[in-house]
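Tertiary structure, described
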Amino acid sequence: MNPVTEDRAQEPLTEYAHRLTRRLRAFDRRHPLLWDAHITGFWVTAALIDYVGRGWRHNAHNLDVPGWLLLTLSLGLSLPLLWRRTHPRAALAAMALFALVNAWTGAALQAALLQLAVVYHIALRRPLRDLWWATALVIAPVLVSAARHGEGTWDQQIGSQLMSVTVAALIGITVRTRRNYTEALEDRARRLETERDQQARLATAAERARIAREMHDILGHNLSVITGLADGGRYAAAKSPERAAQALDAIATTSRQALTELRRLLDVMREDEQHDQADLTPQPGLTDLDQLLDGVRSAGLPVHTKTHGSPTVPPGRQLTVYRVIQEALTNTLKHAGAGATAEIELSYEDKGAVTVTITDTGNGSRTDAPSRDGRGLPGMRERTALYGGTLEAGPRPHPEQGWRVRLHLPEETPQ
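Reference entry: report on the structure contained in this document.

Conventions used here
- Residues numbered from 1 in each chain as written.
- Predicted model: local features only at pLDDT ≥ 70, side-chain atom pairs only at ≥ 80, totals over all residues.
- Heavy atoms only, no water.
- Helix = DSSP H or I, 4+ residues; strand = E, 2+ residues; numbered from the N terminus.
- Expected span 1.5 Å × (residues − 1).
- Buried < 20%, exposed > 50% of the residue type's maximum accessible area, 1.4 Å probe, protein only.
- Contact = heavy atoms within 4.5 Å.
- Pairing = 2+ DSSP bridges.
- Right-handed = clockwise from strand over helix to strand, strands pointing away.
- Patch = residues over 30% accessible without salt bridge, like charges linked within 9 Å, V, L, I, M, F, W, Y side chains within 5 Å.
- Areas by Shrake-Rupley, 256 points an atom, 1.4 Å probe, with all protein chains shown as cover.
- Salt bridge = Lys/Arg side-chain N within 4 Å of Asp/Glu carboxyl O.
- Core = buried A, V, L, I, M, F, W, Y, C linked by side-chain atoms within 4.5 Å.

**Observations regarding helix α4 (residues 88–105)**
Along its 18 residues, α4 runs 26 Å from first to last C-alpha, staying within 8% of the 26 Å computed at 1.5 Å per residue. For α4, the complete set of buried residues consists of Pro88, Ala91, Leu92, Met95, Ala96, Ala99, Asn102, Ala103 and Thr105. In this fold, the buried residues of α4 make contact with α3 (67–78), α5 (115–125) and α6 (130–149). Gly106 occupies a position one or two residues after α4 and carries a positive phi of about 85°.

Dropping the structure here:
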């Protein structure tokens, strides 16, 4: 028979045994006294059978022990098992008294071996140092029997009893170690599950912030351009219908561009893994700056650019530079006022370092306008912090008017 097939055939029986064990343990946790009563009742019955059937006479040193004393000893050596789990030390102490009487009288009832069950529970539930005095209590009756009745050698009787106590204690320690190990694994699994949930919540929050930042950049910029075009078209409608028509065409183009970028962002959020080619469209970079500037210029804001060096910037840094320029120009459109101009100076350095300065000649009356909505300036700083860069935004120094935004991304750190 194939070993794999044999293992599979045994799996249902193994699973049934595991389920039965779990049910028994669950029942024991719910009704511990009922289970203890059954176990105790079994051993009390066995001790009484030994007494009634006179089986004790085969091992007794004294056959003239009174019947009432035998009955008392049988019950005294078995009934304390009822408290073996809740109060094992008290149960062993009570049984030890009857065991001493049992050894002194020479009855030698086999029920005295039930002390080993209590030793097992002491090793399982109590500090291990309790095993020292528990061993002494169990060995003491053996010493009394050897001294009073003198059957067998001391080393044989004490060695045999000591071996029995050691085996019972080792079984208890083994079960205790395995139980502690299982509890540690369960605790670790719970902590890992909690940590996984926390990481998932943090990742969700970070993703929401990223999506909100992207939507702010897309909608804020394009709507600002559309607003500027609409205002210009309204003034031009009466005097120059052709300019108004051009403004409407620019509004349509900008709106379609905003819808395309927004659709692209929403497609990324879909759970469906079968994306079309539009989903794979890259994020904007430095090559898209001309299109961005054309849209801003068409909205009525003259923009001049100066470039130093050749761009050798990775795509991630390009997106940061693009978004910062986009946000700065959007704020200029919103707050700079009529007649303002903007200037962008890009300085490319080695190893991906770049410095961008965006200035405008607005009225300079705004104080912290980019951060009022909680997305503009904080969003730019979050993007900059991803690459260890710095971002400065504020009014230009007196006597110059307007606003200045300066972005610096340092050299890439080798991984």
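Right, picking up where we left off after that structure.
**Observations concerning the pairing of strand β1 (residues 303–308)**
Strand direction decides the pairing type here: β1 and strand β2 (residues 342–348), joined by six bridges, are parallel. Each bridged residue has a counterpart across the sheet, and for His304 the counterpart in β2 is Glu343. In this fold, the crossover linking β1 to β2 by way of helix α10 (residues 315–335) has left-handed handedness.

**Thoughts on a nonpolar patch on the surface**
Together, Leu13, Tyr16, Leu20, Leu24 and Trp35 make up an exposed nonpolar region whose accessible area comes to about 520 Å². No other element matches helix α1 (residues 3–30), which puts four residues into the nonpolar patch.

**Concerning the pattern of salt bridges**
By the definition in use, this model includes eleven salt bridges. The structure contains a network of salt bridges with shared partners spanning Asp36, Arg84 and Arg85.

**Thoughts on the nonpolar core**
Counting 29 residues, the largest nonpolar core has Leu109, Val118 and Val119 as its most contacted members. At the level of elements, α3, α4, α5, α6 and α7 (154–239) are the ones that each hand at least two residues to this core. When near neighbours in sequence (up to four residues on either side) are disregarded, Leu109 contacts Asp50, Trp56, Leu70, Leu73, Ser74, Leu77 and Asn102. Within the second largest apolar cluster, 28 residues are counted, among which are Val303, Val313, Val324 and Leu329.

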